[in-house]
Amino acid sequence: MLTPTILTLLFTLASTALAVPHPHAALIKCPLIFDGRIKTRTQLTDFDSSATSLFNPDNVKGSSLKWSQIIQFPERDKGSRFDGCSHKPLEVTIADASVFKTQCGFRRAGLIFSGDKNIGSPASRGVKTLHFSVREDEARGLNLTHEYLNVWHETSDWSANQFSFQTGTIIGQEGSLAKNTFKILSRDNKLIWSTPVEKKEWQNFAITLDFDKNTLNLYYSKGHEPLRSVTQTVPNNNAGEGQYQIGILKKPTGTDDVVNSGYQESGIDEGQIYGGIFIEDSASGCVSL
Ligand SMILES: *[C@@H]1O[C@H](CO)[C@@H](O)[C@H](O)[C@H]1NC(C)=O
């Protein structure tokens, strides 16, 4: 028989258990500009229509592929630091058919936030912080002999990237930059910071772009640890508006004209897992850690 004392004890235990925070839940503390976190109920086909996708359903990808063929939901993955219980990771994959328009040198698939206009986007003004987490899929490993662009902000006239988050062998910097690292490069392709690619753990990045002062700040953590600042404030030319892109752009080898020519293996099946994608307003100095 349960005495009132035991009942009270059970209720206390139950409410204590409920009060323990979910280990994966870190809260976004600043005003959200674009939320690219994928709700757990999201279906792959949701990425094919502007009515249901958080991203542009038409770009940037091979025209014969739908996003529902490009995106995968990794099994048994609990999500990254800012995904909590209500969001899940996604994986962007590339295949031989990942040729955008006539760019035969590249294999690419890149997500663009649905509200991120090439000119006049709120995410390219003021002070904004892009968050994303990455994890490796051992079954779809990248070939680090190649140069990969994974996350970047490209100017509206497509002449430059204000920053590039990359891995693999950076063409022209083969001797100085290790291939098995994630690298943040400035607008003039100089290394700002790098860290080894982890095989199993989430790696969390936040990049603050001050579009008025032309600076960049970088935050990083592993697993479910809070982000911490890993650079001083770096001067960086953030002019030119444009859009963020998140996915994979694999450059060819053996060419001076990477867009149109060069060598790509056939039978490509590669992927990069992403979680916790969002952009927040850091005008007041706010960054979710
Ligand atoms: C990696 O890419 C290089 C250059 O394209 C190619 O020679 C090599 O076979 C590839 N390695 C694997 C394991 O696919």
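Residue indices begin from 1 for each chain and proceed along its sequence in written order. At least 70 in pLDDT is required for a residue's local features to be given in this predicted model, at least 80 for side-chain atom pairs to be given and counted, and no such filter applies to totals for whole chains, interfaces and linings, which use all residues. Excluded from the side-chain calculation are hydrogens and water; included are all heavy atoms of the structure.

Digging into the UniProt feature "domain: Glycoside hydrolase 131 catalytic N-terminal" (unreviewed entry) in the protein
Quick reminder of the rule: UniProt positions are given in the numbering used here, feature names are shortened, and annotations may be inferred rather than shown by experiment. The helix count covers DSSP runs of H or I at least four residues long, the strand count covers runs of E at least two residues long, and both are numbered beginning at the N terminus.
The UniProt record annotates "domain: Glycoside hydrolase 131 catalytic N-terminal" (unreviewed entry) at residues 32-285. Within residues 32-285, the helical portion is 2% and the strand portion 38%, while the C-alpha atoms at the span's ends are 14 Å from each other.

Some thoughts on the site of the ligand
Applied cut-off: The near set for a molecule or strand comprises every residue that places at least one heavy atom within 4 Å of it. Two N or O atoms count as a polar contact when they lie within 3.5 Å, although within protein this holds only if one can serve as hydrogen donor and the other as acceptor, and sequence-adjacent residues are included solely when both atoms are side-chain atoms. Any residue that is not Ala, Val, Leu, Ile, Met, Phe, Trp, Tyr, Cys, Pro, Asp, Glu, Lys or Arg is counted as polar, Gly included; the first ten are nonpolar and the last four charged.
Near the ligand you find Asn143, Thr145, His146, Thr253, Tyr263 and Glu265, and these make up its full shell. Within the contact set of the ligand, an oxygen atom lies 2.3 Å away from a side-chain nitrogen or oxygen of Asn143. Within the side chain of Glu265, one N or O atom sits 2.8 Å away from an oxygen atom of the ligand. Residues belonging to the shell around the ligand are distributed by class as follows: 1 nonpolar, 4 polar and 1 charged.

Points about the pairing of strand 16 (residues 243-250)
Successive side chains on a regular strand alternate, one facing one side of the sheet and the next facing the other. Applicable threshold: Whether a residue is buried, partly exposed or exposed follows from its accessible area with a 1.4 Å probe, protein chains only, as a fraction of its type maximum: under 20%, in between, or over 50%, in that order. Between any two strands, pairing holds if DSSP finds at least two bridges.
Counting buried positions over the 8 residues of strand 16 gives 8, a clear majority of the element. Two elements, strand 6 (residues 107-111) and strand 16, share 5 bridges in a ladder whose sense is antiparallel. Each residue of the ladder has a partner; that of Arg107, found in strand 16, is Lys250. With 6 bridges joining them, strand 8 (residues 147-154) and strand 16 adopt antiparallel strand pairing. Its bridge partner lying in strand 16, Val151 is registered against Ile246.

Regarding the side chain of Thr169
Note on placement: Thr169 falls in the loop between strand 9 (161-168) and strand 10 (181-185). Taking the relative accessible area as the measure of exposure, Thr169 reaches 16% and is therefore buried. Reaching out from Thr169, the side chain makes a polar contact with the backbone oxygen of Leu144 at a distance of 2.6 Å.

Regarding unusual backbone geometry
A cis amide bond links Asn59 to the next residue, Val60, at an omega of -10 degrees. Within the fold, Val60 resides in the loop between strand 2 (38-39) and helix 2 (67-70). Unlike most non-glycine residues, Asn189 shows phi in positive territory, near 60 degrees. Relative to the elements of secondary structure, Asn189 occurs in the loop between strand 10 and strand 11 (191-196).

Some details on the sheet that holds strand 16
Heads up, the rule is: Axis geometry follows a simple rule: fit a line to the C-alpha atoms, using only the stretch in contact for helices, then measure angles between N-to-C directions, giving values from 0 to 180 degrees.
With respect to topology, 6 strands assemble into an open sheet ordered 6-16-8-9-10-11, the strand pairing being antiparallel. In this open sheet, the two strands that pair with only one neighbour each are strand 6 and strand 11. With strand direction ignored, the average angle separating the axes of adjacent strands in the sheet is 15 degrees. Pairing analysis gives 7 bridges linking strand 8 to strand 9, with the strands arranged antiparallel.

Focus on the layout of surface pockets
To keep things clear, this is the line we draw: Cavity means a closed set of points on a 1 Å grid over the protein atoms alone, one where a 1.4 Å probe fits but cannot get out, pocket means an open set with protein on both sides within 12 Å along at least 5 of 7 lines, and lining means a residue has an atom within 4 Å of a point. Grid points are joined across faces, edges and corners, and a volume is the space filled by probe spheres set on the points.
Looking at the largest pocket, its volume works out to about 730 Å³. As for the largest pocket, its lining consists of 34 residues, of which Arg108, Trp152, Glu154, Trp158 and Asn161 are closest to the centre. If you list the elements that add at least two residues to the lining of the largest pocket, you get strand 8, strand 9 and strand 16. Ranked by residues supplied to the lining of the largest pocket, first place goes to strand 8 with 4 residues. Of the residues assigned to the lining of the largest pocket, the class counts are 14 nonpolar, 14 polar and 6 charged. In this structure, the second largest pocket encloses a volume near 170 Å³. The wall of the second largest pocket is formed by Asp35, Arg37, Ile38, Lys39, Thr42, Asp46, Phe47, Thr52, Ser53, Leu54 and His87. Across the lining of the second largest pocket, the residue classes tally to 3 nonpolar, 4 polar and 4 charged.

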